[in-house]
Structure formats: C-alpha cells, structure tokens
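# Working through the structure, step by step
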Amino acid sequence: MKLKRIFFSLLFCLPLSLTAQQVALQLYSLRNEMPNDPAKYLQEVSSWGIHALEGGGGYGLSDTEYLELLQKNNLSIVGIGADYNQLTKTLQPIIEEAKKYGAKYVTCYWIPHADGPISLDEIKISTALFNQVGKELKEHNLTFLYHPHGYEFGPNGKGVVLDYMLENAEDFAFNMDVFWVKMGGGDPLKIMKKYKGKFPMLHLKDRLIGTPGSKNGQGDVETNVVLGTGDVEIAKIIKEAKKQKTVYLVIEDESSRSVKQIPQSVAFIKQELKK
C-alpha cells in the first residue's frame, strides 16, 4: 500500500503539461557513482535542474526506498530499457517495470549481431519484432523506441540499412543517440528532418572534434564532451527538436568526467531552448 502511495505521489509531482522539451538524464551516465551512493547522486541530479530520468534498477534499494528517494528529490523515471532477447519472449517483466516507475517510454538499446555493421536481413527481422512489440506495448499506454548505435549505417541501395527501419517503423519510434549516429557516419540532423515526428526522445551526446568514426557500435567513451563543444552540431539538433516537439532531450555522458560535465551540458541545452 505504501508503494502505491509513493507511486501516485510521483505522478502528481510531474507538471500537468510538459513543455515541448524537457531536459532528462540517462542514469547510465552515473553508472560508476549511483551504486555507491544513490541518495547523494539523485540529490545532485536534482540540484542540476534535471527532474526526468531514463533508466531502471534500484541500486540495491527496495522499490519503496528507491521510489521514496525519487519523490524526495522531485525526480521521475520517464523511460526504461528493454533487452532485445526479452522482447522475443514475454513482455510482462518489461511492462511491470515501466508501470512500477510510471514510465511512458521503453527503449531497446542494442540488437545482437556479429561484430561490425548489422545486415539488412537482421534489420528486417528486428523491424518486424519492434512493430509487434510496439503494438503490444501501446495496449498498456507505453511507447516503444529503438536507439540506433552506429552499426546500422552499412550501405543499402542509395541509402543505409537504418533507412529500412525508419521507413517501416509503424508501431514504434526512435530514441536517437546523436553521438552514435555520427560515429556510424550518419548525420543526425538530416535524419531528423527526413523522418520527422519519429523522435520523441533524443540522447544528446557530443563528440570530441577529430574523433574517428566506427560502424560497430563501439568507441572511446572519453570522447564524450560537454554539449556544444564537439562536432555533432548539438545546437542545430536542439533547434530542430523544438520544431518537432521532441519531448525529452536526454543527456548521456559516458565519460569519466560526467559529474563535472553534465551541469555544463544542462546549461547549454537551456540556453539553446531560449533562442
């Protein structure tokens, strides 16, 4: 009963109407800090002016304890992750986790495949699965998203393999990580403009100028820099996100400097949103 009260309190802590864009944080950015002291770092996240989070798990705390911490710091989980292999089985554990937090979005971050670029056949299989999953999750008022990771940019006709998924996504949308799209050789801004309305969430992550690309979804996380200081054209992406009414601009900083860099990235996003 106490857990239910906390959950509904969290819901009522949310603004009655979201602005077109809300700054959020992917908790993976604090993967080295949160397990050691979740109370300290949730308080710190709130102090940065962030109140929406992506990522599940309670860091060793009970559901009640973790939800209480979120409530205390005016934080809410708006999106959780979903393992690809679980998507091929029952969706019930995913649905239950999303409902536990009151999250609206469920994102798959990786499609298992051999090292290197993913094949068109693999993308076709995944697209069919994602449409099926998305349709089922809609019945539970959840939106299913896919997070491109840079390995989807192998050639396919006049375009790339990712184009097939973007063109055939009927019951799911995208949580585009602009860093990984850039790493794979794609142009995040051009993709947003070509496939308007398919990006309710964006992972905003900037890349150190001069970083070599990679089509296998791997790279040096230390090339994650403060938003606006790299080569991903974050300012232009934010401007387009405003036009398209992207709901969440999610900061993800995988570098060892994330605690220092995230507040600077928050300031940059808010500055650009005012323009």
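The structure contained in this document is the topic of the report that follows.

Rules behind the numbers
- Residues numbered from 1 in each chain as written.
- Predicted model: local features only at pLDDT ≥ 70, side-chain atom pairs only at ≥ 80, totals over all residues.
- Heavy atoms only, no water.
- Buried < 20%, exposed > 50% of the residue type's maximum accessible area, 1.4 Å probe, protein only.
- Helix = DSSP H or I, 4+ residues; strand = E, 2+ residues; numbered from the N terminus.
- Arc of directions from axis to C-beta.
- Phe/Tyr/Trp six-rings, centres within 6.5 Å; stacked < 30°, edge-to-face > 60°.
- Pairing = 2+ DSSP bridges.
- Salt bridge = Lys/Arg side-chain N within 4 Å of Asp/Glu carboxyl O.
- Axes fitted to C-alpha atoms, helices over the stretch in contact; angles between N-to-C directions.
- Contact = heavy atoms within 4.5 Å.

Looking now at helix α5 (residues 92-101). In an α-helix there are 3.6 residues to a turn, and that puts residues three or four apart on one side. Listing the buried residues of α5 in full gives Ile 94, Ile 95, Ala 98 and Tyr 101. Within α5, the buried residues cover an arc of 140° as seen down the axis, which keeps them to one side. At the C-terminal side of α5, Gly 102 shows a positive phi close to 80°.

Attention now moves to the packing of aromatic side chains. Enumeration according to the criterion identifies 12 aromatic pairs in this entry. On the numbers, 6.1 Å between centres and 85° between planes, the contact of Tyr 105 with Tyr 248 is edge-to-face. In this pair, Tyr 105 sits in strand β4 (residues 105-108) while Tyr 248 sits in strand β12 (residues 248-251), placing the two residues 143 residues apart along the sequence. In this pair, the class of Tyr 105 matches that of Tyr 248, namely buried. Measuring from centroid to centroid gives 4.8 Å for Trp 110 and Tyr 151, while their planes differ by 70°, and the two rings are edge-to-face.

It is worth spelling out the pairing of β12 at this point. Of the two faces of β12, the one lined by Tyr 248 and Val 250 and the one lined by Leu 249 and Ile 251 are each fully buried. Pairing of strand β9 (residues 201-204) with β12, which is carried by four bridges, proceeds in the parallel orientation. Note that in β12 the partner of Met 201 across the bridge is Tyr 248.

Applying the stated criterion to the full structure yields nine salt bridges. A salt bridge links Glu 233 to Lys 236, with the nearest nitrogen and oxygen atoms 3.2 Å apart.

So, about the sheet that holds strand β1 (residues 22-26). With parallel pairing, eight strands are arranged side by side around a closed barrel as β1-β2-β3-β4-β5-β8-β9-β12. Neighbour-to-neighbour, the strand axes of this sheet turn through a mean angle of 30°, independent of strand direction. Note that strand β2 (residues 52-54) and strand β3 (residues 76-81) share three bridges and pair parallel. Its bridge partner lying in β3, Leu 53 is registered against Ile 77. Across the sheet, helix α11 (residues 258-273) is in contact with β1, β9 and β12; its angle to β12 comes to roughly 155°.

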